[in-house]
2 protein chains.
Amino acid sequence: MTKVKAIQEYLQKNDVDAAFITTPDNVFYVSGFASEPHERLLGVMIFKEAEPFLICPLMEVPDVKASGWAFEAVGHADTDDAWDILSSAVAKRGVELEKIAIEKSHLTVERLERMEQIFQSAQFPRLDEQLNNMRNIKSEDELNKLRKAAELADYAIEVGCKEIAEGKTELEILMAIEFEMKKKGAEKMAFDTMVLSGPKTASPHGTPGDRKIQKGDFVLFDLGVVYEGYCSDITRTVAFGEPSEKQREIYETVKKAEQTAIDLVRPGVKAKELDKAARDVITEAGYGEYFTHRLGHGLGISVHEFPSITGTNEMELVEGMVFTIEPGIYNPDITGVRIEDDVVVTANGVEVLTRFPKELKIIEAK
Amino acid sequence: MTKVKAIQEYLQKNDVDAAFITTPDNVFYVSGFASEPHERLLGVMIFKEAEPFLICPLMEVPDVKASGWAFEAVGHADTDDAWDILSSAVAKRGVELEKIAIEKSHLTVERLERMEQIFQSAQFPRLDEQLNNMRNIKSEDELNKLRKAAELADYAIEVGCKEIAEGKTELEILMAIEFEMKKKGAEKMAFDTMVLSGPKTASPHGTPGDRKIQKGDFVLFDLGVVYEGYCSDITRTVAFGEPSEKQREIYETVKKAEQTAIDLVRPGVKAKELDKAARDVITEAGYGEYFTHRLGHGLGISVHEFPSITGTNEMELVEGMVFTIEPGIYNPDITGVRIEDDVVVTANGVEVLTRFPKELKIIEAK
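Rules of the game
Residues numbered from 1 in each chain as written. Chains lettered and ligands numbered in written order. Predicted model: local features only at pLDDT ≥ 70, side-chain atom pairs only at ≥ 80, totals over all residues. Heavy atoms only, no water. Helix = DSSP H or I, 4+ residues; strand = E, 2+ residues; numbered from the N terminus. Buried < 20%, exposed > 50% of the residue type's maximum accessible area, 1.4 Å probe, protein only. Contact = heavy atoms within 4.5 Å. Areas by Shrake-Rupley, 256 points an atom, 1.4 Å probe, with all protein chains shown as cover. Lys, Arg positive; Asp, Glu negative; His and termini not counted. Charge placed at Lys NZ, Arg CZ, Asp CG, Glu CD. Salt bridge = Lys/Arg side-chain N within 4 Å of Asp/Glu carboxyl O. Domains from an automatic or database assignment. Polar contact = N/O pair within 3.5 Å; in protein donor to acceptor, adjacent residues only side chain to side chain. Pairing = 2+ DSSP bridges. UniProt positions renumbered as here; feature names shortened; annotations may be inferred. Axes fitted to C-alpha atoms, helices over the stretch in contact; angles between N-to-C directions. Parallel < 35°, antiparallel > 145°, perpendicular 65-115°, else oblique. Left-handed = near helix turned anticlockwise from the far one by under 90°. Nonpolar A, V, L, I, M, F, W, Y, C, P; charged D, E, K, R; others polar. Buried area = accessible area lost by both parts, 1.4 Å probe. Phe/Tyr/Trp six-rings, centres within 6.5 Å; stacked < 30°, edge-to-face > 60°. Lys NZ or Arg CZ within 6 Å of the ring centre and 35° of its normal. Least-squares fit on C-alpha atoms with pLDDT ≥ 70 in both.

**Student:** A description of the overall build of chain A should follow, citing residues and the corresponding values.
**Tutor:** The helix and strand tally for chain A stands at 10 helices and 19 strands. Along the three orthogonal principal directions, the C-alpha set of chain A runs to about 75 × 40 × 35 Å. Looking at chain A as a whole, 58% of its 366 residues qualify as buried. In chain A, the share of contacts with a sequence separation of at least 24, taken over all contacts with a separation of at least 6, comes to 66%. Accessible surface for chain A amounts to roughly 15,300 Å². Of this, 48% is attributable to carbon and sulfur atoms. For chain A, the distance from the average site of its 44 positive side-chain charges to the average site of its 65 negative ones is 3 Å.

**Student:** Can you lay out the pattern of salt bridges for me, pointing to particular residues and giving the numbers?
**Tutor:** Here the idea is simple: oppositely charged side chains can pair when their charged atoms come close. Residues and elements named next belong to chain A. Within this structure, the stated rule accounts for 68 salt bridges over all chains. Two residues, Glu72 and Arg93, come together in a salt bridge whose shortest N-O distance is 2.8 Å. Here Glu72, found in strand β4 (residues 72-76), pairs with Arg93, found in the loop between α4 (82-92) and β5 (100-102); they are 21 residues apart in sequence, far enough to count as distant. With a relative accessible area of 15%, Arg93 lands in the buried category. The closest approach of N and O atoms between Glu249 and Lys246, which form a salt bridge, is 3.7 Å. One end of the pair, Glu249, and the other, Lys246, are both in helix α9 (residues 245-264), 3 residues apart, so they sit about a helical turn from each other. For Glu249, a relative accessible area of 35% translates into the label partly exposed. Given the relative accessible area of 42%, Lys246 is considered partly exposed. Overlapping salt bridges, with partners in common, bring together Glu51, Glu72, Lys92 and Arg93 in one network.

**Student:** Any chance you could break down the domain arrangement of chain A for me, citing the residues and the numbers?
**Tutor:** Note: interface size is frequently given as the accessible area lost on complex formation between the parts. Residue and element names in this part refer to chain A. For chain A, the assigned domains read domain 1 (3-135) and domain 2 (137-363). Taking only C-alpha atoms, the centre of domain 1 and the centre of domain 2 are 36 Å apart. Listed as interface residues are 7 residues of domain 1 and, on the opposing side, 10 residues of domain 2. Our enumeration of links across domain 1 and domain 2 arrives at 1 salt bridge. The partner of Arg135 in a salt bridge is Glu305, and the shortest N-O contact between them spans 2.6 Å. Here domain 1 is connected to domain 2 by 6 residue pairs in polar contact (both at pLDDT 80 or more).

**Student:** A description of the pairing of strand β2 (residues 43-47) of chain A should follow, citing residues and the corresponding values.
**Tutor:** Strand residues, when the strand is regular, have side chains that alternate between the two faces of the sheet. All names here are of chain A. Here β2 lies mainly inside the structure; 5 of its 5 residues are buried. Across the two faces of β2 the burial is the same, with Gly43, Met45 and Phe47 and Val44 and Ile46 all buried. In the sheet, strand β1 (residues 18-21) pairs with β2 via 4 bridges, with the strands oriented antiparallel. Across the sheet, residue Ala19 finds its bridge partner in β2, namely Ile46.

**Student:** An account of the UniProt feature "domain: Peptidase M24" (unreviewed entry) in chain A is needed here, citing residue identities and associated values.
**Tutor:** Listed under "domain: Peptidase M24" (unreviewed entry) in the UniProt record, and renumbered for this structure, are residues 145-347 of chain A. In the segment residues 145-347 of chain A, helix accounts for 33% and strand for 24%; the C-alpha atoms at its two ends are 19 Å apart.

**Student:** Describe the packing of helix α2 (residues 24-31) of chain A against helix α6 (residues 128-136) of chain A, and please don't skip the residues or the numbers.
**Tutor:** All names here are of chain A. Taken N-terminus to C-terminus, the directions of α2 and α6 make an angle of 60 degrees; their axes are 12 Å apart at the nearest point. When the axes of α2 and α6 are compared, the pair comes out oblique. Handedness of the crossing formed by α2 with α6: left-handed. Where α2 approaches α6, its residues Asp25, Asn26, Tyr29 and Val30 are matched on the opposing element by Leu131, Met134 and Arg135. In the contact of α2 with α6, the residues fall into 4 nonpolar, 1 polar and 2 charged.

**Student:** Residue-level account of the interface of chain A and chain B, with values.
**Tutor:** Residue-level contacts link 23 residues of chain A with 24 residues of chain B. In total, chain A and chain B occlude about 2,400 Å² of area from one another, counting both sides; carbon and sulfur atoms represent 62% of this. Of all residues in chain A, the largest losses of buried area upon contact with chain B belong to Val109(A), Met175(A) and Lys182(A), amounting jointly to 24% of the total for that side. For the pair chain A and chain B, the interface holds 4 salt bridges. Arg126(B) is the partner of Glu110(A) in a salt bridge, and the nearest nitrogen-oxygen pair spans 2.8 Å. Across the contact surface, chain A and chain B share 10 residue pairs in polar contact (both at pLDDT 80 or more). Where the side of chain A that touches chain B is concerned, the elements lending two or more residues are α5 (109-118) and α8 (170-183) of chain A. The greatest single-element share of the side of chain A that touches chain B, amounting to 7 residues, is contributed by α8(A).

**Student:** Describe in detail the packing of aromatic side chains, supporting the description with residues and values.
**Tutor:** Residue and element names in this part refer to chain A. According to the stated counting rule, one finds 12 aromatic pairs over all chains in the structure shown. Note on Trp69 and Phe71: the rings are 5.1 Å apart at their centroids and 70 degrees apart in plane angle, and the pair reads as edge-to-face. With a centroid separation of 6.5 Å and an interplanar angle of 50 degrees, the aromatic rings of Tyr287 and Tyr290 are classed as tilted. Here the basic side chain of Lys3 rests over the ring of Tyr29, its NZ or CZ set 4.8 Å away from the ring centre.

**Student:** Could you give an account of unusual backbone geometry, naming the residues involved and the relevant values?
**Tutor:** Cis rather than trans, the peptide bond between Phe306(A) and Pro307(A) has omega equal to -5 degrees. Looking at where Pro307(A) falls in the secondary structure, it is placed in strand β13 (residues 305-309). If you check the backbone angles, Asp15(B) has positive phi at about 50 degrees while not being a glycine. Despite not being glycine, His38(B) shows a phi value in the positive range, around 50 degrees.

**Student:** Before we move on, could you go through the relation of the copies chain A and chain B and cite the residues and values that matter?
**Tutor:** When chain A is fitted onto chain B, the two copies agree to an RMSD of 0.1 Å after a turn of 179 degrees and an axial shift of 0.1 Å. The symmetry that links the two subunits is that of a two-fold axis. The rotation axis passes nearest to the C-alpha of Thr108(A) in chain A, at a distance of 2.0 Å. Here 100% of the interface residues in chain A have copies in chain B that are interface residues too; the copies meet face to matching face.

Structure, rendered in structure tokens:
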């Protein structure tokens, strides 16, 4: 069933006249058209019965057609009032809109006020949960793109490991990775690539810079690529030169925590049980205070989407969900370590998409 | 006067009890704290009289202090309801909020609904125009950052020109530019760097790729960097090997159009007069149909901000405004050319921030 058809069924079942979708990722999800419109109006209007349309800046209309959108594409020029154009496209269909579902976590107050002017007697229920629920469960086609994105991320880690050498800066390694990814056909990186070394690994949100790699450093890579609109997200931490006892202990603790959570993944398990399982391993090893973030996040068209894998999320896992598992220990006196994989909930368990080995990799420091 | 003080004066004058600012660029503008909170709550609450506070994810509180924010920084953990934390921080101040100004072009419907629950009798007027008006006029401190960002952009063009060689791909040139920028201390590029060659120059929104530079190509660079939170944005088009008559004609037309608009800049002139002046030059040369976008856009913390330099904007220029001037001709049968500078409106005229020469540069093709 197409995404448009699924939303039409939702509208019919809930007696809502139309859905207006403006989050760029959701527009891509339902239409196949990817675009970042900035302040310009981009949206898909789906009706209970009438033909849907996509509204976008005029110069993008040819791209919409090329993307495979099978319905009308309505363009607005910079000199138009885009809302007048939208209003006409609705009027042309001769439908009365009493209830228009919107994405309340994305639509701005200003835009809702415009819609309230145009559709004066309409109510505006939430569409957010419906779209999240649809996107939460990946189709086989989506999984194939995620597999490919993960494969590219694995390769990026391989490239990064090969680039590590005494005296090279984090930024030099980062640029080499990104250059190789572009050559391999990755559309873009899924987020700002992270290459952190030595004490900087202890900052979960550090920024790569001019620090030079030294013997005894741990080097942490956190990166992902976008492949046909779908993201990957992997973290690996490797040693440059022989690690200390304490560094090893932290590494093995994180590795065990990550594997423990992965082994638990199957339909029916609650998200919070995964977080707890990984956290327990780290806490028992005495590093609980240094694991300062949630276990993971959903992954798909967005690099952070539903489900959120936190210690309080009661949601039960369902086949087709995709998320990261990424425990970390950030001890500023010893080192930071994070290990992250992308996983799919399968009928009976788990498929791990990212496959770069997790045995502690020690790169020889000559 | 500090930004916080200026907003307090605005609140007093307009009898508004508080302003809640959540657009990340505006949060940076008023507080000096730069952050991309994604779905998490980040905001600055400024009161008519009570002490302002900044609310942010808990782990960013130390960064807020380090950024120089002189008032309270209220953190919320992932397990908190951020709005409860906000509500308590307001209650602590013992102020009654009847009117809270918000950024309607940014705040989501969901967030407004939460605020309506917390502040049940409050009204929510617009704050957008006030912030835009403040940001529209740059201080000397802001101009110094913009000058530095422009200087780095000039250097990036120089790097790009040196990288051009037969058989090199657009992406290879692009990566060399970005690598050099990071080495020079640019925080990041202001937007996706554009390096387009040959027929691809005729697409105003083209994507750099594997196309190899050939003799007879025009090569178009459109790029910018962020320096201490402020953006630059420059475009230069250069020739690889001797250009044809027609290529030269298009280049000189764009160059004349751009200079004509720059020469007009001074306080009191309307934005639309600049667009018209440049467009007239291009139309008179017979290329009017190939200049398909507005003349320019405001520049500052955002790479696209106010003012917009369009054919319909009646706004008069004021000293301290900063914007781009970037006419182009995109003729798919000959070539595309765009030339773009960043300019400041001064007391008596104009200061051009970007300074890379605009005489047609011909790079020898051996």
